[in-house]
Amino acid sequence: MNVFVLNCGSSSLKFQIIETDADRIATDSDKQLAKGLIERIGSEAIVTFQVDDRPSLKHAAPLRDHKAALAHVIEWVLNPETKIPGIAGLDDIHAIGHRVVHGAERFTGSLLIDKDVLNGLQECVDLAPLHNPANLKGIYAATDLFGPKMPQVAVFDTAFHSTMPETAYLYGIPYQLYRRFKIRKYGFHGTSHRFIAFRYRKLANKTREETNIITVHLGNGCSACAIKEGRSVDTSMGMTPLEGLMMGTRSGDVDPTVIEFLMHKEGTSVEEVFSTLNKRSGLLGVSGLTNDMRDLQSEAEEHQDRRAILAIDMFCYRVKKYIGSYIAAMNGTDAICFAGGIGENSPQIRQDILSDLDWLGISVDGKRNAEAIRGKEMLISSDKSRVPVYVIPTNEELILARDTVRAVKSLPFPC
Ligand code: AMP
């Protein structure tokens, strides 16, 4: 099957076309045929398309909304000059898999989208006003452009964490607020944590039940996950992706009193304060320079910029604290696995996070750590480390494509 994987953000659209089916899943031989990214939808959008491993093509196009962006993708896919292997017409796309950020308590696994599911997704908008509306736009655009008969599947960022126990997901606020409004921790990046755990099992030759690990996804968004017997038992993001680790532009954990204090002091609205916490905090807010870890590291190295160094130190310290708390919560861990743009590419950040953990018997091998580059699964701990540490490049799109096949063909879903 050729699956069109779609990930719509508020002003972006990411896609891949992946050839996969039950046999390819079993033999790990899924094939990425094409991919692309459209940014700045709503104005002069920046479009990047790529077939196979041919050079990528970049251009600008005025795309007013997600439907126009998706139409632009389809036009490219069908252009005879594009020549995506096995794709001559829209009939060669067999299903669409959508990344949906929030599934609330209702959606605990991937499923085919029908009217009922669409109504449920609308209800989840309340919990994820920044993310789910864009996901819904993608679904509506795909229905219009691929036709109502095209099977479409929703894969939720929250689903992997639906196994968390109450003790982990409830906040210490009046229980009625959970009962009435479902205020609780849901967690995100679920497809990534699930993929990392799956790859760890393969690498370490473990069964799902033997998988007791901590996964750390460090990209522009960051989260950690405690995985016990193959299931998420705790994670750092909360009711929304704002909670937890410090991120590119998100603050992560702050005392909620800061919100009222800021509104009072600056005479601003609650929306403005949340905009600060979501878009102008984290690495960007502390450094005052950038949300991009690579650039921050350059500033720190070349100019010894004090706030760049501070932002990096705070970032690492907070990851270390979460790892420590999950080791306590799980009575130990069999491995720590890093993923995401920062987790996969920055030996320095991995080293800083795991420094001074000798009391726990964790030690990183400098040479192995330096050699771990993007796209490669690597063990980076030293032979004497009590806890193995891995770099495992994540692949959320692959999980999306595979779950789409499973939902369409009614195959079982491994956790
Ligand atoms: P992602 O959201 O997973 O694409 O990750 C984006 C983040 O990864 C940005 O902060 C990038 O600066 C960071 N990143 C990518 N490559 C590197 C690198 N070689 N060293 C440090 N950070 C990197």
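Just above, that's the structure.
These figures come from a predicted structure and were not determined experimentally.

**Q** Which parts of the structure should I look at to understand the nonpolar core?
**A** Nonpolar side chains in soluble globular proteins generally cluster together in the buried interior. Ranked by size, the top nonpolar core spans 42 residues in total, and within it Leu 218, Phe 315, Ile 323, Ile 336, Ile 353 and Leu 354 carry the most contacts. The dominant element in this core, judged by the number of residues it contributes, is helix α12 (residues 306–329), at 10 residues. Apart from residues lying up to four places away in sequence, Ile 353 is in contact with Leu 218, Cys 316, Val 319, Lys 320, Ile 323 and Phe 338.

**Q** Sorry if this is basic, but what is going on with helix α9 (residues 270–279) here?
**A** Residue pairs spaced three or four apart in an α-helix point in one direction, given the helix's 3.6 residues per turn. Turning to α9, its buried residues number three or more, namely Val 273, Leu 277 and Asn 278. Around the axis of α9, the buried residues are gathered within 130° of arc, so they sit on the same side. Turned more than 90 degrees away from the buried face of α9, the exposed residues are Glu 271 and Lys 279. Looking at the buried side of α9, the elements it contacts are α8 (257–266).

**Q** How should I be thinking about the sheet that holds strand β14 (residues 389–391) in this particular structure?
**A** In a beta sheet, neighbouring strands pair by backbone hydrogen bonds and run either parallel or antiparallel. Taken in spatial order, the 6 strands of this open sheet run β11-β10-β9-β12-β14-β13, and their pairing is mixed. In this open sheet, the two edge strands, each paired with only one partner strand, are β11 (231–235) and β13 (378–379). Inspection of the sheet shows strand β12 (residues 335–339) paired to β14 by 3 bridges, in the parallel sense. Residue Cys 337 lies in a different strand from β14, and its bridge partner there is Tyr 390.

**Q** Before we go on, may I ask you to explain the site of the ligand in this structure?
**A** Lining the immediate surroundings of the ligand are Gly 219, Asn 220, Asn 291, Asp 292, Met 293, Arg 294, Gln 297, Gly 340, Gly 341, Ile 342, Asn 345 and Ser 346. In this structure, Arg 294 approaches the ligand through a main-chain N or O atom, which is 3.1 Å from an oxygen atom. Coverage of the ligand by the protein amounts to 74% of the 500 Å² it exposes when considered alone. Of all the secondary-structure elements, those providing two or more residues to the shell around the ligand are α11 (293–303) and α13 (340–345). Residue classes in the shell around the ligand are distributed as 2 nonpolar, 8 polar and 2 charged.

**Q** Can you walk me through helix α7 (residues 190–204) in this structure?
**A** When the terminal C-alpha atoms of α7 are compared, their 21 Å separation across 15 residues agrees well with the 21 Å that a helix rising 1.5 Å per residue should span. One or two residues past the end of α7 sits Asn 205, with phi positive at roughly 55°.

**Q** Looking at this structure, how should I read the pairing of strand β9 (residues 213–218)?
**A** For a regular strand, the rule is simple: side chains alternate between the two faces of the sheet. The buried count for β9 comes to 6 of 6 residues, which makes it a mostly enclosed element. Here β9 shows a buried face lined by Ile 213, Thr 215 and His 217 and a second buried face lined by Ile 214, Val 216 and Leu 218. Where β9 meets strand β10 (residues 222–228), 6 bridges bridge the pair, whose relative direction is antiparallel. Residue pairing for β10: Val 216 is matched across the bridge by Ala 224. Counted along the chain from β9 to the antiparallel partner β10, the turn is 3 residues long.

**Q** In this structure, what is going on with unusual backbone geometry? I would like to understand it.
**A** You will see that Lys 182, though not glycine, has its phi angle at about 60°, which is positive. Residue placement: Lys 182 occurs in the loop between α6 (175–181) and α7. Of note in the backbone geometry, Ser 410 takes a positive phi value of approximately 50° without being a glycine. With respect to the secondary-structure elements, Ser 410 resides in the segment after α16 (396–408).

**Q** Even after reading the chapter, I still don't get the packing of α11 against α12, so can you show me in this structure?
**A** The relative placement of two packed helices is expressed as an angle between their axes plus a distance between the axes. Where α11 meets α12, the closest approach of the two axes is 8 Å, and the angle between their N-to-C directions is 125°. The angle between α11 and α12 places the two elements in the oblique class. The chirality of how α11 crosses α12 is left-handed. Of the residues in α12, those touching α11 at Met 293, Leu 296, Gln 297, Glu 299 and Ala 300 are Ala 308, Ile 309, Ala 311, Ile 312 and Phe 315. Of the residues contributing to the contact of α11 with α12, the split by class is 8 nonpolar, 1 polar and 1 charged.

Reading the values: rules and limits
- Residues numbered from 1 in each chain as written.
- Predicted model: local features only at pLDDT ≥ 70, side-chain atom pairs only at ≥ 80, totals over all residues.
- Heavy atoms only, no water.
- Core = buried A, V, L, I, M, F, W, Y, C linked by side-chain atoms within 4.5 Å.
- Buried < 20%, exposed > 50% of the residue type's maximum accessible area, 1.4 Å probe, protein only.
- Helix = DSSP H or I, 4+ residues; strand = E, 2+ residues; numbered from the N terminus.
- Contact = heavy atoms within 4.5 Å.
- Arc of directions from axis to C-beta.
- Pairing = 2+ DSSP bridges.
- Near = heavy atom within 4 Å.
- Polar contact = N/O pair within 3.5 Å; in protein donor to acceptor, adjacent residues only side chain to side chain.
- Areas by Shrake-Rupley, 256 points an atom, 1.4 Å probe, with all protein chains shown as cover.
- Nonpolar A, V, L, I, M, F, W, Y, C, P; charged D, E, K, R; others polar.
- Expected span 1.5 Å × (residues − 1).
- Axes fitted to C-alpha atoms, helices over the stretch in contact; angles between N-to-C directions.
- Parallel < 35°, antiparallel > 145°, perpendicular 65-115°, else oblique.
- Left-handed = near helix turned anticlockwise from the far one by under 90°.

Taken by themselves, the reported measurements are silent on function.
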